[in-house]
Structure formats: C-alpha cells, structure tokens
Amino acid sequence: MKRDSIRKILMGLLLLVSLPSSAERFVFTTAWTAQAQFAGYYAAKEKGFYQAEGLDVVIQHPSLTTSVLYRLQHDHSDAFMLTLMSAIDFITQGVPMVNIFQDSMNSSNMLIARWGADPLKLKGKKVAVYSTDLNYSVFFLNHYKKLNYEWVRFTSQINLFLSGAVDAMMALSYNEYYRLLQAGFRLGKENVYRFSEHDLNIQEHGVYVRPDYYRDHKETCRRFARATRKGWEWAATHPELALDIVMKYVRKYNSPTNRTMQRFMLMEVLRLQLDRESGKREFRLRPDMVEKANRMMRECGFIKRTVTYQELMGQ
Amino acid sequence: MRNILGHIRRSLSTRLSLWVALIVVAIFATVYSMVFSELREVMKEEAFSKATKTLEGTVLHIDNTLHSVEVASNNMLYNIEQHLDNPDMMFELSRQTLKDNPILTGCSISFDPFYYKSKGQYFSAYSYNDGKNILTEQEGNEEYQYHTMDWYLIPRLLDRPYWLEPYMEDASVGIIVNDIFTSYSQPIHDKRGKTVGTFSVDICLDWFSETVSAAKPYPNSYSILLGRGGTFLVHPDTTRLFYETIFTRTLEKPDSALRALGNAMLDRETGHKEMEIDGEDCYVFYKPFKNTEWSVAIICKESDIIAPYVRMKWAYLSIGTIGILLLVVFSSRIVRKNLRPLRHLTKSAQRVADEHFNGTVHESHRIDEIGQLESSFKSMQQSLAGYVGEIKQQTETLEGRNRELEEAYERATQDERMKTSVVRHMTGQMAEPVSLIVKTAQVIHDGGRQMSADELRAKTREMTDNTTQVTGLLDELLKTAQEEAHTTKGKEGES
C-alpha cells in the first residue's frame, strides 16, 4: 500500500515534469457564446495543438449584454474575434487591431423577412439588427437600395422576429437561419436575402490582437494561428468528433442549443471557410475584400478613412 | 396428427363435439368482436374525455394564474404611470409588486435612455424575490444594456402587453438570477400617451413545470409545454428543455406527423392526434393557453389508454377458451354416453352380419330415438332370424327337389341311352331288308324286261317279304315311341 502511494506520487511528479513548463498563456475571447462556430478553436485546445505549440490558450465567451467595443476597451483578453467590418470600424474609431488569423472566407449575412415577404420590398419597415456586433452590410444595402428601414437593435435569439415586433431580421446563415427553421418557419428563397449571393460577399470573423501585443508577441500569434488552422482542418475531417467537443463546451457554458443545430452550424461554418475561387480553406484575409469592405463602409458613412490591408495585418 | 385425424374420422362424438365447439367459437368470435370493438371505442372516448378534462383543468389553472399576474401588473402599471415624476419611487413600487404577489420572482420598471436625465442612459428599478428576501437594485449599465433585450423591446414595439418566451438572464454583475422565467411585459406611457419604458414582472418557470407535469391522466402519460417557436418549455426529458423545439428532430429526419402536431399547436388549435412517439403509438391532446401563445399537450400512450380494454379482452378470451375446452370435453363425454347404446347396437349388427341372429340386443330402456332404434333393431333381428329360418327350410326343400330332379334326369338320360340303342338296334335290323329291297329294285330296274314273269314274281315276293319285315320293325318302333310319349306326358303332368 505504501509502495503504491510512493509510486503514484513519483508518476505524478514525472507527469508534471513532462508538461511544457514554459507554456505561454494566451487568452482569447470568441465572438459569441459556446457554439460550433468556434469548433476549430475548441478542437485545437482539446486535441493539444495549442499545447504542442507551447501555448496555454484560454478560450473565453463574452456576455451578450455588452457591446464588442466595450469588451475591447474593458476586457483583458489577448485576442478577440471580430468581423472584418467591425475591425475596420474600431480601427477608425481609434482602437487599432491586427488580424492574426482569418477563419471566414465568405459572408454568412442574411436578411430574412416575415409574413412571406421579399426583404427588399419592405421599405420603411422595422428590421432587427444585432446590437453587440453590427451587421454593416445591411446598412450598406439599406443605403444602396434606399430602403429606409427602421432599425431595431436587439441582443440575441429570434424572439423579436417570432413576436412579430419586427418585419425582418438580420441573421447568420449558420445560426439564426437554422433557429428559424427549428421554430417551424418555412422560409422560401423569396423571403431570404443572402448577401454573399449579391456582390456583397465580405469575409467575416477573424482573430485580432492589439498592435502592441502583436509587436511583442509575433511568434506567439503565429503559433496560435498555426495551431488554430490545424484545429479547423481536424474539425473538417472529423465533424462528428468535433461536434462532441463542441457539445462539451455547449454544456459547460449552458448555451441554449442542441446537437442538431450545432451540426448544421458546423457544416455551414466549414462551407463558409472555403474560398470561392480556390475552393480551399485558406484562412487568410483577402486584400480585395478589405478594399470592398472599406468602400461599402465609407459609402454609407460608417468610416471616414480607409483602413488598408497592411494596417490590418500589422505591417 | 394422422392419429388425431383418424380418431376424429372414427369418433362421431369427437366430430360432434368439434362441430359444436366450432359453431360456438364462430358465434362467440362474432359477438366478441362486435362487443369489443364497441367497448374499445367507448373506452377510447372515456380516455379522451379524461385526458381532455385534465388538459382543460391544467390550462384553466394556468390561465387563471396568469390572469391574476396580468391583473396585478395592470394595477401596478397604473400606479407607475401616476408617479412618473418620482423616479426613486420606482424602486418601492417594484418591491411592492413582489410583496403583494408572492408568485412573482422579479419585477423591473425600466425606462428609455435618458428619460430621467439625472439617472443617465440606464434606469431600471429591479427587484428580485430569492425566496427569503426581496432584493432591489438599479440594473441597467454598460454591462447590462437592457434597451436591446426582448423583454424591453417587444412590448414597446407591439405597444401592448406581451408574455415573453422563457429565458435566463446573462447578467454578470448585480443581482445574479439563475432561474429560467417568463415575463409579462407592457409598455409604460406618460400622460401624453408616449411610450417611455417597460414594466415587466417575472414568474419562475418551475411553477409552470410543476403545474403542467402534474397533468398526468395515466401512469405513463406526460405533458409538454411549447413556446411560440415550438420550444420545449416543459418536457420530461430535461436535456431538451429550451434547447430543442418540436421541429428540431424533423430537420434531420423528416417526420410529417410530428411536424403537423407542432404546426397545430403553434397555430393555437385544440384537438388530438394519433402518432408514434419514440416507437410507441400515442394519443396527443393539445390546447393553447388563452393568455400566452403557448400550447400544452398531454401525451398518452395507447397501451395505457386501452390497458383496461386489453385486460378485459384477455380475461374474456381466457374464459372463452377455457369454456370452449370444457364444452368440447363435456359435450364429447355426453355424446359418447348417449351414443353408447349405438356402440352396443353396432356390435349386435356385427353379430347379425356374422349370421348370429340369436344374440341378445343390449337394452338401455330409453324411450328416445336411440331406445326406439334399439327396439326396432331387436324386432329386426327377430324378424331376420325368422326369415332366415324360413329361407333355410325352403332351401332344404329345394335341395331335396333338386336331388330328385337330378335322379329323374339321370333316369331319363339312361332311358334315352336305351332308346337310342334300341333304335340303333332296330335300325340295324331294318338295314338288311331295306338293302335287299333296294338291290331287288335295282335288279328289276336293270333287267326286269329280260326277266321272266316268275322271276319277277319271285323278286316281287322277295321285295314284299323284306318290306313286310321292315314295316313290322317300324310298327314296333312306332309303338314303342307312342308308349314312351305317353310315359313322358304322364311324368310331366306329375311334375
């Protein structure tokens, strides 16, 4: 009995010694509550890809009742997940950010109308948009098509749409769209405006850090990007195992979802990661999309100056 | 099997019993199927009525409670709108609402950004009843931006009271509430009718769960409560609560029945549906609430509903089967007992067939058809015995006569043979004179002209003598024949 105890203590010590003692702590805040949108990050952590890169990555999920800008200003995370357009907006507002990893290659934005209507025929009607992370594309659409929508900023979920308090809502093709289907809505093509299909295809989420952090931790950022990419590639080839990991996080953070929804989400997120031209998962920010995003945001008055690709990449 | 069939073929009693059993089974099957079909319908109707009453009771109970919440909220709203000029009083009104209505767990009186300039962008007087104390705070801030939340937005946008879908707060500061609750929210208007904020009271979902789950008309039945989007607000499988809707599983595996049920419930219909749930046939009874747009359903397994029917059916079937078996056994015995005289008669008949006409016929002293058959058989046996005796006598007589006839025939044959020899003998005796006559006649014919008269006379005499001899023989033969004819006639006449 005594020998057994000594052996166990020795083995424990050996295990401690074998762990990388110099694992660098890296705190990363996702864009939303735990869900399959972050499957690659979860996979990289759970499969030890971060650890292999000498990183101790802490994945945080934000409170949905605070804005992204508030989080950027008050959160002590090293990295944040932002859409390209949000990043451009914040940079022009004096909160510089550097893109260290890009997981979205396409826009997931959708404008969905109630009452079987065509969203582009709802002039002057109430349209719900997220309060925490603005859907800039819909503002551009409103400006460009002179739709004169009445904006209603909301926090999350589809209850506003369900109640009939709004005539249309902004949705993401991997999240609210499936939630609406799950709520029994029958959505035809005529009720859904997909931005990616109308020359408004702008890359969305990527991982950003502050420039000073980037300057001091370039190698850390590269290792994070390398491991994350590996995590996504693993998730793409092992979707059901990746879902198991996602559901572990979903349960841990009590996210109001289910495996079916998460499966749809993972498949759609993986689809959006494929570059339309190459058909590959490139995990890179495209200069042409940066340029297009700048143009759209300038046209509808969100920004007054252009944020260059180089600026976004910390060059 | 062959033995059984052989036995059935040989045994009249078994055949009769089986026929009786078959007819009884046919009659019982017809009657049973009619009665049980009717019974099943009656039981189903009763079950439907029971489930519907339970459902209606539950809905009424919840509707009444929700109505009392609405009334309390409406009364307090009047107070709030009367004291809009006193923002600090909102905290007291918020506390008072919870004090007066123990069923409520939370109450917030929230205002538009900068409605009270002195209070800034966020001003929401929130009270929470944790079961022991009522806690009150100003809940709005940068980390809890309530202006974009459903409970604040929806009643304002609709400009009417609204029951919210159950939710859990995501606040990380101030009073942390981990309950899942629903809110009755309504817009606050100023004296000019302008919407200036939202008044919201919260009721914990546990209360609904307990009330809805208590609706259990059958041991294995259970209830579900669906929110507006088909979300399971109450479900026995807690892993599906809030996270799944009634349509979730139909997205990956189409299920038209489940989808139809979901649509009917979301369309606020009242009714019932028969469908398969988790591999079992079930009846689902559903009804919407008056106050909210939610719908409650009671799921009853068919096996539960028809359990008394099945029990009764099996009891009746068992009794019927045992009864029929007993019927077969007893009727077989009775028939066999009644057919026993027939078996004796069979033996007697066999004896008769074996030409034993004097055996004793068994007497059962019955007066029914079998008794009559016995006496008839007995009479028949006696008659047969008499008749066979007579026949025997006649046969013997005939045989005697036969023998006599055979003897007579033998004699006649001998006579015939004798006659034939006599005729042959006489014919032989006539042959010489006839031959002499023929020769003499030939001589006379050939040489009569050259013969002298004496020779002719001598020849004529010779011919005459021979003719006389032949004639004498013929006369004698004729005489014998006539005598024989007389004798034969006499014998024929005698026979």
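Small disclaimer: the values here were computed from a predicted structure and weren't measured.

S.K.: What am I meant to see in the sheet that holds strand E9 (residues 271–277) of chain B here?
M.R.: Sheet strands pair by backbone hydrogen bonding; their relative direction is either parallel or antiparallel. Residues and elements named next belong to chain B. The strand order across the open sheet formed by 5 strands is E8-E7-E11-E10-E9, and the pairing between neighbours is antiparallel. Every other strand in the sheet has two partners, leaving strand E8 (232–234) and E9 as the edge strands with one partner each. Neighbouring strand axes in the sheet, compared pairwise and without regard to direction, differ in orientation by 35 degrees on average. As paired elements, strand E7 (residues 222–226) and strand E11 (residues 295–301) share 5 bridges and run antiparallel to each other. Residue pairing across strands places tyrosine 222 opposite isoleucine 299, the latter belonging to E11. Contacting E7, E8 and E11, helix H5 (residues 205–213) runs over the sheet at an angle of about 75 degrees to E8. Along the sheet face, helix H7 (residues 256–266) touches E7, E9, strand E10 (280–288) and E11 and points at about 150 degrees away from the line of E9.

S.K.: I'm lost on the nonpolar core in this one. Help?
M.R.: Counting 161 residues, the largest nonpolar core has Ile100(A), Ala128(A), Leu160(A), Val166(A), Met169(A), Tyr208(A) and Val246(A) as the members making the most contacts within it. Beyond its immediate chain neighbours, meaning those up to four positions away, Val166(A) contacts Lys126(A), Val127(A), Ala128(A), Val152(A), Leu160(A), Phe161(A) and Leu157(B). Formed by 11 residues, the second largest nonpolar core is a distinct cluster that contains Leu77(B), Ala125(B), Tyr126(B) and Tyr128(B).

S.K.: What exactly am I supposed to notice about the interface of chain A and chain B here?
M.R.: One frequent convention defines the size of an interface as the accessible area lost when the parts assemble. Contacts between chain A and chain B engage 27 residues on the former and 31 residues on the latter. For the side of chain A that touches chain B, the secondary-structure elements that each account for two or more residues are strand E7 (150–154), helix H7 (159–163) and helix H8 (176–182) of chain A. For the side of chain A that touches chain B, the leading source of residues is H7(A), giving 4 residues. A breakdown of the residues in the side of chain A that touches chain B according to their chemical character gives 12 nonpolar, 13 polar and 2 charged.

S.K.: Help me understand unusual backbone geometry in this model?
M.R.: Generally, phi is negative for residues other than glycine and the peptide bonds are trans, each holding for most cases. At Phe283(A), a position not held by glycine, the phi torsion is positive, near 50 degrees. The residue Asp278(B) is not glycine, and still its phi comes out positive at about 50 degrees. Positionally, Asp278(B) belongs in the loop between E9 and E10.

S.K.: Is there a simple way to explain the domain arrangement of chain A in this structure?
M.R.: Residue and element names in this part refer to chain A. Examined at the domain level, chain A breaks down into domain 1 (22–106 + 203–312) and domain 2 (109–197). Computed from C-alpha coordinates alone, the two centres of domain 1 and domain 2 are separated by 24 Å. Contact with domain 1, which involves 20 residues of that partner, is made by 17 residues of domain 2. Counting only elements with at least two residues in the side of domain 1 that touches domain 2, the list comes to helix H5 (84–92), helix H12 (259–272) and helix H13 (287–299). Element by element, the count of residues in the side of domain 1 that touches domain 2 is highest for H12, at 5 residues. Taken together, the residues of the side of domain 1 that touches domain 2 sort by class into 12 nonpolar, 6 polar and 2 charged.

S.K.: Mind showing me how you'd approach the sheet that holds strand E8 (residues 168–172) of chain A here?
M.R.: Residues and elements named next belong to chain A. On the basis of which strands lie adjacent, the open sheet formed by 5 strands has the order E7-E6-E8-E5-E9 and mixed pairing. Two strands in the sheet have a free side with no partner beyond their single neighbour: E7 and strand E9 (192–194). Ignoring strand direction, the axes of neighbouring strands in this sheet form an average angle of 30 degrees. Both strand E5 (residues 109–113) and E8 contribute to a ladder of 5 bridges, which runs antiparallel. Note that in E8 the partner of asparagine 109 across the bridge is leucine 172.

S.K.: Sorry, what's going on with the domain arrangement of chain B here?
M.R.: When the domains of chain B are assigned, the result is domain 1 (83–204) and domain 2 (370–494). A straight line from the C-alpha centre of domain 1 of chain B to that of domain 2 of chain B covers 157 Å.

S.K.: What exactly am I supposed to notice about H5(B) here?
M.R.: Every α-helix carries 3.6 residues per turn, so stepping three or four residues along brings you back to the same face. Residues and elements named next belong to chain B. Of the positions making up H5, those classed as buried are Leu205, Phe208 and Val212. The arc that holds every buried residue of H5, seen down its axis, measures 55 degrees, which confines them to one face. The outward face of H5, more than 90 degrees from its buried face, is lined by the exposed residues Asp206 and Glu210. Next to the buried residues of H5 lie helix H2 (12–82), strand E5 (181–189), strand E6 (195–204), E7, E8 and E11.

S.K.: Looking at this model, I keep getting lost on the packing of helix H11 (residues 239–252) of chain A against H12(A). Mind explaining?
M.R.: Residues and elements named next belong to chain A. Packing of H11 against H12 brings their axes to within 10 Å, and their N-to-C directions diverge by 125 degrees. Here H12 runs oblique to H11, going by the angle between their axes. Crossing of H11 against H12: the hand is right-handed. In contact with Pro239, Ala242, Leu243, Val246, Met247 and Val250 of H11, H12 contributes Arg259, Gln262, Arg263 and Leu266. Of the residues in the contact of H11 with H12, the class split is 7 nonpolar, 1 polar and 2 charged.

S.K.: Honestly, H12(A) in this entry has me stumped. Any pointers?
M.R.: Between its terminal C-alpha atoms H12(A) stretches 20 Å, which fits the 20 Å expected from 14 residues at 1.5 Å a residue. Burial analysis of H12(A) places 10 of its 14 residues in the buried class, which makes it a mostly covered element. Among the residues of H12(A), Thr260(A), Met261(A), Gln262(A), Arg263(A), Phe264(A), Met265(A), Leu266(A), Val269(A), Leu270(A) and Leu272(A) are the ones counted as buried. Considering only its buried residues, H12(A) is in contact with helix H2 (39–46), H8, helix H10 (218–237) and H11 of chain A together with helix H6 (248–252) of chain B.

S.K.: Please explain the environment of Ala31(A) as it appears in this structure.
M.R.: All names here are of chain A. In this structure, alanine 31 sits in the loop between strand E1 (24–29) and H2. With 22 C-beta atoms packed within 10 Å, alanine 31 lands in the buried category. Considered as a pair, alanine 31 and glutamine 60 are 29 residues apart in the sequence and their alpha carbons are 9.2 Å apart.

S.K.: Explain the pairing of strand E1 (residues 104–111) of chain B here, please?
M.R.: Residue and element names in this part refer to chain B. Across the 8 residues of E1, 8 count as buried, placing the element largely inside the fold. Relative to E6, E1 runs antiparallel, the two being bridged by 7 bridges. Bridge assignment links phenylalanine 111 to a residue of E6, and that residue is glycine 197. In this structure, E1 lies alongside strand E2 (residues 123–129), joined through 6 bridges in antiparallel fashion. Counterpart to isoleucine 109 in the pairing with E2 is alanine 125.

Reading the values: the criteria
- Residues numbered from 1 in each chain as written.
- Chains lettered and ligands numbered in written order.
- Predicted model: local features only at pLDDT ≥ 70, side-chain atom pairs only at ≥ 80, totals over all residues.
- Pairing = 2+ DSSP bridges.
- Helix = DSSP H or I, 4+ residues; strand = E, 2+ residues; numbered from the N terminus.
- Axes fitted to C-alpha atoms, helices over the stretch in contact; angles between N-to-C directions.
- Contact = placed C-beta atoms within 7 Å.
- Core = buried A, V, L, I, M, F, W, Y, C linked by C-beta atoms within 7 Å.
- Buried ≥ 20, exposed ≤ 12 C-beta atoms within 10 Å, placed from the backbone.
- Nonpolar A, V, L, I, M, F, W, Y, C, P; charged D, E, K, R; others polar.
- Domains from an automatic or database assignment.
- Arc of directions from axis to C-beta.
- Parallel < 35°, antiparallel > 145°, perpendicular 65-115°, else oblique.
- Left-handed = near helix turned anticlockwise from the far one by under 90°.
- Expected span 1.5 Å × (residues − 1).

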